[in-house]
Amino acid sequence: MIGVRLLAMIRKELLAVLRDTRARITLIVPPLLQLILFSSAATLEVKNVDIGVYNRSSGAASSEFISQLAGSPNVRRIIKIDSPDAARQAIDNQKVIAVVMFDGQFDRDFAVGQTSDVDVILDGRRSNAAQIVTRYLDRIAASSGAALHMSSPDHGEQSITVNWFNPNLDYIWFVMPSLLVTICGMSALSVTVQSVARERELGTFDQLMVSPLGLHEILIGKMAPPLLIGLLNATLYLIVIPLFYGVPFLGSILLFYPAVVLYLLALIGVGMVVSAKVKTQQQAFLGMFMLMVPMTLLSGFASPVDNMPGWLQTIAEINPQKHFLIISEGLFLKAMPLVDVLANSWPLVLIAAVTLTAATLQFRSHVE
Amino acid sequence: MNGFDTRRFHAMLTKEARQIIRDPSTILIAFVLPLVLLFLFGYGVNLDTSRTRIGIAQRDHSEAAASLVGAFQSSRWFDVRATGDVPVLGRDLTSGHIRGIIVIPDGFGRDVAKGGGAIQVITDGSTPNTASFVSGYAEGVRANWVAARKAERGQAHGAPTIQTVPRYWFNPQLASRYFLVPGAIAIVMTMIGTLLTALVIAREWERGTMEAILATPIGMIEFMATKVIPYFVLALGSMVICSLIAVFVFGLPFRGSPLALLLIVSAFLMPALGQGLLISAATKNQFVASQIALLTGFLPGLMLSGFLYEISSMPKWVQWVTYAIPARYLIPPLETVFVAGDNWTLFLPNIAAMLCFGVFFFILAFRANPRRIA
């Protein structure tokens, strides 16, 4: 009897979410579009930059430097600049990210065996890109110096680097497992929060409360759609990511699914706590947004958790995304063993237990 | 019937303004959320790497190897957490406890005496940025150590070299805050302009109060203006607060003029508000409106506007997509007005582009709003 009632409730909830064609489409199509678009946008490399050259010297060293610069795969165009004023304007108007300047001394210094300085002005508004461009220019400086001496640029042997888990340091190998975490989380959280808020706004939630359904049946019914939609999206990505993006999935699927379920339960719990507080869909959406943005920014996707100040790292511990991001990256790229998956799963269990209990208590106090 | 009536216009405007002020969620999004976002971008998102945890596998026990281990331990870039064999340290790398392993191979001391001395660096490629940081700085530690040993022995180094002397204009300390905080302000403007507007007006459609208004003699343009103006004012208020925080809490310079800032942000609010109106008129459903506003407003503002990721580095077709994102034209002037100063050659084309998008969205929204009840 209880089973039948619960099933009916779950069926009703699924219908409520999926009945509207547009809502159905918004749950599947935008997440896929995001995956495609953002996977190609999120790159921390700097490519196709335009660089200005202001050359007041003329000799072998400066022309070697310029020709290596022009040949760099990261540089799109070299723009000739003929006065300090033009250099200032090119930077100010963001025509170039950097101007390389050779003064009259440059080739003379090099010819007499001194270290020659190349002055480089960079656009500090784009400080991150500017730093990466400096690194490219350093490399060009070293190799053009070496080319002119026909020798190797460094003292002794260089260290040999081996990148485990991602040999070519493909940024997309990092982005894809992270996007899975963010996008699945976003759809699960918004479905949870909206479905309760919608009924409250329309007044049908009170009708549910006075029906013969137990509170636990109502809550389980409310949890079913986000869980199923989250799992559906996760499965979709699990297929699309290795197939179309060549990112390997080396871990065990048997570890992946339980971890996804725990992650979704933790998020649903958080969503339930929010929806117990709000009265309208608008408040629900805003509440979700206020949670989702900090969660994503503090998950380690935008920048490593290690770089954050200590107190923020502590706050990040209660963020389900932070824990599942480690599991997702680990299972895709590192074939993470059970021990490590467990070590990152128990915080999810804890978050789910605390939030779901809190939500149940809040709803119960509403009834009374 | 559709003529403009100043009194009616004022009455409607007052009604809309009251509606906003009385709704606590508006205050939340216009004033609390900006604070949260600014603090997250100011403190939480940090692209300037601090000390990285590594392990060292020392397979050689010569004096040279011990001295190199010492160099890594005293480096300000690394935090040596563990020593041991590669298989053992490999497990720490998998679990994420360390981000790299330095392997000092057998016979390292002998090789150093002969003038060589390579080490192996194993990185955690699952976080590519940290990985290239580890390999770059590990090589730096090693090279400095070699140079210091040579200097001790009085060996000069040979040929002349070319050396770059970089100067970073506008931001000599290279603080990533200088572009993250203006970026956060752009996101806040998108939130208020597009998200909040779309949501609030979709609610009126859902509840049927919109039809009540359409039944009155108010004209369409008048009606749209009364909907948009309060949010415009709200967004500008939020912008002032954000700018004050940027300057007084995060220490950003403000080298441009307030007038330029006002013009730039106002120009951006046109497409943002127009988009919000369009979404609400086209969907008439809060849930769908919220999802579409997130997808077409917030996420592109974050990912495709050029504030987190360089547009020039994206594939060609994504670069073309960015031209259709109004936030793309907001980021360069906004960053400039804070850290560089007024530069009208940069401002005017961007302002013009944003206004064009604004007109476009308003026309679409105008056409999407039904003039009579079906």
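Computed from a prediction, not measured in an experiment: that's the story for all the values here.

Asks: Help me understand the overall build of chain B, please; the structure alone is not making it clear to me.
Replies: Looking only at helices and strands, chain B features 14 helices and five strands. Over its C-alpha trace chain B gives a radius of gyration of 29 Å, far above what one expects of a compact globule, namely 21 Å for 374 residues. Counting contacts in chain B only where the partners sit at least 6 residues apart, residues at least 24 apart contribute 80% of the total.

Asks: How should I be thinking about the overall build of chain A in this particular structure?
Replies: The helix and strand inventory of chain A stands at 14 helices and five strands. Its C-alpha radius of gyration of 28 Å places chain A more than 25% over the 21 Å reference for a compact globule of 368 residues. Taken over 368 residues, chain A has a buried fraction of 48%. Nonlocal contacts in chain A, meaning residues at least 24 apart in sequence, comprise 77% of its contacts between residues at least 6 apart.

Asks: Help me out: how do you make sense of the interface of chain B and chain A in this one?
Replies: Interface size is commonly expressed as the accessible area that is lost once the parts come together. Listed per partner, the contact involves 91 residues of chain B and 93 residues of chain A. With twelve residues, the top contributor of residues to the side of chain B that touches chain A is helix α6 (residues 128-152) of chain B. Looking at the side of chain B that touches chain A, its residues break down into 50 nonpolar, 34 polar and seven charged. Inspection of the sheet shows strand β5 (residues 160-164) of chain A paired to strand β4 (residues 120-124) of chain B by five bridges, in the parallel sense.

Asks: Would you mind going over the packing of helix α1 (residues 6-22) of chain B against helix α9 (residues 220-248) of chain B with me for this structure?
Replies: Residues and elements named next belong to chain B. Where α1 contacts α9, the axes come no closer than 9 Å and their chain directions differ by 45°. Relative to α9, α1 is oriented oblique. Handedness of the crossing formed by α1 with α9: right-handed. Residues Phe-9, Met-12, Leu-13, Glu-16, Ala-17 and Ile-20 of α1 lie in contact with α9, whose contacting residues are Glu-222, Thr-226, Lys-227, Ile-229, Pro-230 and Leu-234. Residue classes in the contact of α1 with α9 are distributed as eight nonpolar, one polar and three charged.

Asks: Sorry, what's going on with the environment of Ile-29 of chain B here?
Replies: With respect to the helices, strands and loops of the structure, Ile-29 of chain B is situated in helix α2 (residues 24-44). What Ile-29 of chain B contacts, discounting residues up to four positions off in sequence, is Leu-286 of chain A together with Met-191, Ile-192 and Leu-196 of chain B.

Asks: Sorry if this is basic, but what is going on with the pairing of strand β1 (residues 52-58) of chain B here?
Replies: Residues and elements named next belong to chain B. Summarising burial for β1: five of the seven residues are buried, a large majority. In this structure, β1 lies alongside strand β2 (residues 78-83), joined through five bridges in parallel fashion. Note that in β2 the partner of Ile-54 across the bridge is Val-80. What joins β1 to β2 is helix α3 (residues 63-73), and the crossover it makes is right-handed. Pairing of β1 with strand β3 (residues 100-104), which is carried by four bridges, proceeds in the parallel orientation. Opposite Ile-56, over in β3, you have Ile-102 as the bridge partner.

Asks: Help me out: how do you make sense of the sheet that holds β5 of chain A in this one?
Replies: For sheets, the rule is that strands pair by backbone hydrogen bonds, running either parallel or antiparallel. Spatially, β5(A)-β4(B)-β3(B)-β1(B)-β2(B) is the arrangement adopted by the five strands of the open sheet, whose pairing is mixed. Each edge of the sheet is formed by a strand with only one pairing partner; in this case those strands are β5 of chain A together with β2 of chain B. Going across the sheet, the axis of each strand differs from the next one's by a mean of 25°, ignoring polarity. Docked against the sheet, α6 of chain B engages β5 of chain A together with β1, β3 and β4 of chain B, running at close to 160° with respect to β4 of chain B.

Asks: Which parts of the structure should I look at to understand the sheet that holds strand β4 (residues 116-123) of chain A?
Replies: In space, the five strands of this open sheet follow the order β2(A)-β1(A)-β3(A)-β4(A)-β5(B), with mixed pairing throughout. The sheet is open, and its two borders are formed by β2 (75-80) of chain A together with β5 (162-169) of chain B, each paired with just one other strand. Strand-to-strand, the axes of this sheet are offset by a mean angle of 25°, without reference to chain direction. Across five bridges, the pairing between strand β1 (residues 49-55) of chain A and β2 of chain A is parallel. Bridge pairing in β2 of chain A links Asp-50 of chain A to Arg-77 of chain A.

Asks: What am I meant to see in the environment of Ser-57 of chain A here?
Replies: Residues and elements named next belong to chain A. Among the structural elements, Ser-57 can be located in the loop between β1 and α3 (60-71). Between the alpha carbons of Ser-57 and Ala-142 there is a distance of 19 Å; along the sequence they are 85 residues apart. Apart from residues lying up to four places away in sequence, Ser-57 is in contact with Ser-62, Phe-102, Asp-103, Gly-104, Phe-106 and Asp-107.

Asks: I'm lost on the nonpolar core in this one. Help?
Replies: Buried together is how nonpolar side chains tend to be arranged in soluble globular proteins. Residues Ile-185, Met-189, Ile-192 and Ile-264 of chain B are the most contacted members of the largest nonpolar core, which totals 155 residues. Sorting elements by how many residues they give to this core places helix α7 (residues 177-207) of chain B first, with 19 residues. When sequence neighbours within four positions are dropped, the list of residues in contact with Ile-264 of chain B reads Leu-330, Pro-333, Leu-334, Val-337, Phe-347 and Ile-351 of chain B. Residues Ile-91, Ala-98, Val-100 and Ile-132 of chain A belong to the second largest nonpolar core, which totals 34 residues.

Asks: Is there a simple way to explain helix α6 (residues 127-149) of chain A in this structure?
Replies: Each full turn of the α-helix corresponds to 3.6 residues, which orients residues three or four apart in the same direction. The end-to-end C-alpha separation of α6 of chain A is 33 Å, in line with the 33 Å expected for 23 residues at 1.5 Å each. Residues Ser-127, Ala-129, Ala-130, Ile-132, Val-133, Leu-137, Ile-140, Ala-141, Ser-144 and Gly-145 of chain A constitute the buried set of α6 of chain A. Where α6 of chain A is buried, its residues touch β1, α3, β3 (98-102) and β4 of chain A together with β5 and α7 of chain B.

Asks: Help me understand the pairing of β3 of chain B in this model?
Replies: One face of the sheet, then the other: side chains in a regular strand alternate in exactly this way. Residue and element names in this part refer to chain B. Most of β3 sits inside the fold, with five of its five residues counted as buried. Every second residue of β3 is oriented toward a common face, with Gly-100, Ile-102 and Ile-104 on one face and Ile-101 and Val-103 on the other, all of them buried. Here β3 pairs with β4 via four bridges, running antiparallel. Its bridge partner being in β4, Gly-100 is matched across the sheet by Thr-123.

Asks: Help me out: how do you make sense of helix α10 (residues 253-277) of chain A in this one?
Replies: Spanning 25 residues, α10 of chain A covers 36 Å between terminal C-alpha atoms, matching the ideal 36 Å at 1.5 Å per step. Burial analysis of α10 of chain A places 18 of its 25 residues in the buried class, the great majority of the element.

Asks: Would you mind showing me how to read unusual backbone geometry here?
Replies: As a rule of thumb, non-glycine residues mostly have phi less than zero, and peptide bonds are mostly trans rather than cis. Residues and elements named next belong to chain A. The phi angle at Leu-169 is positive, at roughly 50°, despite the residue not being glycine. Topologically, Leu-169 is positioned in the loop between β5 and α7 (171-202). The phi dihedral of Ala-335 falls on the positive side, at around 50°, and the residue is not glycine. Relative to the helices and strands, Ala-335 is located in the loop between α13 (320-334) and α14 (338-367). We classify Ala-335 as partly exposed; it has 15 C-beta atoms within 10 Å.

Rules and cut-offs
Residues numbered from 1 in each chain as written. Chains lettered and ligands numbered in written order. Predicted model: local features only at pLDDT ≥ 70, side-chain atom pairs only at ≥ 80, totals over all residues. Helix = DSSP H or I, 4+ residues; strand = E, 2+ residues; numbered from the N terminus. Rg over C-alpha atoms; globule rule 2.2 N^0.38 Å. Contact = placed C-beta atoms within 7 Å. Buried ≥ 20, exposed ≤ 12 C-beta atoms within 10 Å, placed from the backbone. Nonpolar A, V, L, I, M, F, W, Y, C, P; charged D, E, K, R; others polar. Pairing = 2+ DSSP bridges. Axes fitted to C-alpha atoms, helices over the stretch in contact; angles between N-to-C directions. Parallel < 35°, antiparallel > 145°, perpendicular 65-115°, else oblique. Left-handed = near helix turned anticlockwise from the far one by under 90°. Right-handed = clockwise from strand over helix to strand, strands pointing away. Core = buried A, V, L, I, M, F, W, Y, C linked by C-beta atoms within 7 Å. Expected span 1.5 Å × (residues − 1).

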